[in-house]
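Listed below, chain by chain, are the residues.
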Amino acid sequence: MTTDIWVLGGYQSDFARNLHREGMGVDALTDEVVRGTLADAGIDATAVQTVHVGNAFGELFTGQAHLGAMPATVCDALVGVPAGRHEAACASGGVATRAAVADLTAGFYDVALVVGVELERTVPGQQAADHLGAAAWVGHEGRPGSVVWADMFDQVADEYDRRYGIDDVHLRRIGEVNLANAKDNPNAQTRDWHVPDLSGPAGADDDVNPVVEGRLRRYDCSQITDGGAGLVLVSDAWRREHPDVRPIARIAGWGHRTAGLPLEPKFAASKDDPYVMPHVRDAFADALDRAAATLDDLDALETHDCFTPSEYMAIDHIGLTAPGESWKAVESGEIERGGRLPVNPGGGLIGGGHPVGASGVRMVLDAARQVSGSAGDHQVDGARRVGTLNIGGSTATTVTFVVESADRG
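For clarity, every value in this text was computed on a predicted model and none was experimentally measured.

Thresholds, definitions, all that
- Residues numbered from 1 in each chain as written.
- Predicted model: local features only at pLDDT ≥ 70, side-chain atom pairs only at ≥ 80, totals over all residues.
- Heavy atoms only, no water.
- Helix = DSSP H or I, 4+ residues; strand = E, 2+ residues; numbered from the N terminus.
- Expected span 1.5 Å × (residues − 1).
- Bend = angle between axes of the 7 residues up to and from the residue.
- Buried < 20%, exposed > 50% of the residue type's maximum accessible area, 1.4 Å probe, protein only.
- Axes fitted to C-alpha atoms, helices over the stretch in contact; angles between N-to-C directions.
- Parallel < 35°, antiparallel > 145°, perpendicular 65-115°, else oblique.
- Left-handed = near helix turned anticlockwise from the far one by under 90°.
- Contact = heavy atoms within 4.5 Å.
- Nonpolar A, V, L, I, M, F, W, Y, C, P; charged D, E, K, R; others polar.
- Polar contact = N/O pair within 3.5 Å; in protein donor to acceptor, adjacent residues only side chain to side chain.
- 1 Å grid on protein atoms, 1.4 Å probe; cavity = no way out; pocket = protein on both sides within 12 Å on 5 of 7 lines; lining within 4 Å.
- Points joined across faces, edges and corners; volume = space filled by probe spheres on them.
- Salt bridge = Lys/Arg side-chain N within 4 Å of Asp/Glu carboxyl O.
- Pairing = 2+ DSSP bridges.

1. What to know about helix H14 (residues 356-371)
Its 16 residues place the ends of H14 24 Å apart at the C-alpha level, agreeing with the 22 Å of an ideal helix rising 1.5 Å per residue. For H14, the principal kink sits at arginine 362 and spans about 25°. Burial of H14 is extensive: 16 of the 16 residues sit out of reach of the surface. Count one or two residues on from H14 and you reach glycine 373, which has phi positive near 70°.

2. Observations concerning the packing of helix H10 (residues 278-290) against helix H11 (residues 308-317)
Between H10 and H11, whose axes approach to 10 Å, the crossing angle comes to 60°. Relative to H11, the element H10 is oriented oblique. Remark: the crossing between H10 and H11 carries right-handed chirality. Packed against H10, whose contacting residues are Pro278, Val280 and Arg281, the element H11 presents Met313, Asp316 and His317 at the interface. Looking at the contact of H10 with H11, its residues break down into three nonpolar, one polar and two charged.

3. Re the side chain of histidine 131
When you line up the elements, histidine 131 lands in helix H5 (residues 125-132). A polar contact of 3.2 Å, which involves the side chain of histidine 131, links it to the backbone oxygen of leucine 60. If we ignore the near neighbours within four places in the chain, the residues touching histidine 131 are Phe57, Leu60, Phe61 and Val123.

4. Some words on empty space enclosed by the protein
Counting across every chain of the model gives one cavity of 30 Å³ or more. Reported here for the largest cavity is a volume of approximately 40 Å³. Lining the largest cavity, in full, are Gln12, Phe15, Asn185, Asn187, Ala188, Gly346, Gly348, Gly352, Arg362 and Asp366. Within the residue set of the lining of the largest cavity, elements represented by two or more residues are helix H13 (348-352) and H14. Looking at the lining of the largest cavity residue by residue, the classes come out as two nonpolar, six polar and two charged.

5. A short note on the layout of surface pockets
Taken as a whole, the largest pocket encloses approximately 530 Å³ of empty space. Together, 29 residues line the largest pocket, and Leu132, Val147, Ser222, Ile224 and Phe307 are the ones closest to its centre. If you list the elements that add at least two residues to the lining of the largest pocket, you get H5, helix H6 (148-163) and strand S10 (385-392). Per-class residue counts for the lining of the largest pocket are 17 nonpolar, nine polar and three charged.

6. Some details on the pattern of salt bridges
Applying the stated criterion across every chain, the model contains 32 salt bridges. Between arginine 337 and aspartate 184 there is a salt bridge, and its shortest N-O distance comes to 2.3 Å. Of this pair, arginine 337 sits in the loop between helix H12 (326-332) and H13 while aspartate 184 sits in the loop between helix H7 (168-182) and strand S5 (211-213); the two residues are 153 residues apart in sequence, bridging distant segments of the chain. On the basis of relative accessibility, which here comes to 28%, the residue aspartate 184 falls in the partly exposed class. One salt bridge connects glutamate 404 with arginine 250, and the closest N-O pair in it is separated by 2.5 Å.

7. Describing the sheet that holds strand S8 (residues 249-258)
Overall, mixed pairing links the nine strands, which are arranged S3-S2-S4-S7-S1-S8-S11-S10-S9 in an open sheet. On the outer flanks of this sheet lie strand S3 (83-86) and strand S9 (300-303), each paired with one strand and no other. For this sheet, the mean angle separating the axes of adjacent strands, direction not counted, is 25°. Looking at chain direction, S8 and strand S11 (residues 397-405) are connected through nine bridges and run antiparallel. Across the sheet, threonine 258 pairs through a bridge with threonine 397, a residue of S11.

8. Regarding the packing of helix H4 (residues 92-106) against H14
Closest axis-to-axis distance for the H4/H14 pair is 5 Å, and the angle between their directions is 60°. One element, H4, and the other, H14, form an angle in the oblique class. From H4, Ser92, Gly93, Gly94 and Thr97 reach across to H14, where they touch Gly357, Gly360, Val361 and Val364. For the contact of H4 with H14, the class distribution of residues is two nonpolar, six polar and no charged.

9. What about H11?
Counting buried residues in H11 gives 10 out of 10 residues, a clear majority hidden from the surface. With its phi angle positive at about 100°, glycine 319 sits one or two positions after the end of H11.

This is the structure in structure tokens:
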């Protein structure tokens, strides 16, 4: 990166709330996120020079499109500020953040507001699953009546099984760790859930932990979630002009890869590669390279656990274990708080919630809070550098960041 990008602050809504039941629309959610983000960053809306909105499924869940214009709709001071919406399925927030970083790095602007919003609890569960299935290759994959993405990531687990073998107990443990971490997160969707001992017989009990698709059960899955998250990012130039303002973090590196929509061709393309999704590994390696860091320099990881197999994949793809040996990091406790590389210390998507367009923004915000020592009860002791890995679809879009303590800059 040719310039440093700084995080001034950010905001996350309470992902446990059912905003549709509260009578809130995407306008009210956007208003909450914009105001909360600017307040936390300590700047006025008049200072914002560009706005990037992450949203994946606004038209399907709410009927509202053109969400790039929503911040200016709810905040008069943003009228006239260039803004746009970014859609990349579950990586929409990551792409929005990446676009803001690009604007600042290029010197086009010095202050960017990033907003990720999604309302998903506006329709019944199966209809929600169908809406989310629009991020697959429609008409070419996905079984009618199935939970499309549970089916897709069940296939990812099956691919690991074919190549290396996989024990479902390790998937159950990933879910158990993230759900336990969420109990310490005041914004987590599942913080008040009673979760059974998934490592014991309950983990495979069809009544306690019912099958969703294939080998994936209820606690292997992230939830249908309403929520939003925001960030204020500023350039070096802005920071030099405001020496008394202290950022909470620095974005030190990023990576971005895009593959085709369908899942099966990805498996076919990687059949001779040790990694199931080598483009995901490349995206993460890019972020480390731009940050002049190695995996050993990271103190935690925020990764995309839409389902337990996506985190299982992340573990070996970032290099925490050799290919196909993610189970070793799960079994040894390396991914737990206090382990070698705590993963999703605030609960991730399974425990924390997954409002699709907001998740990539929330990951960067949580990383920034970790490195600034402001993560509260889910703080990783001594965290100074945290990676993020945000995926959309069946890894069709992958966006990664390395977020560092502001002191490093």
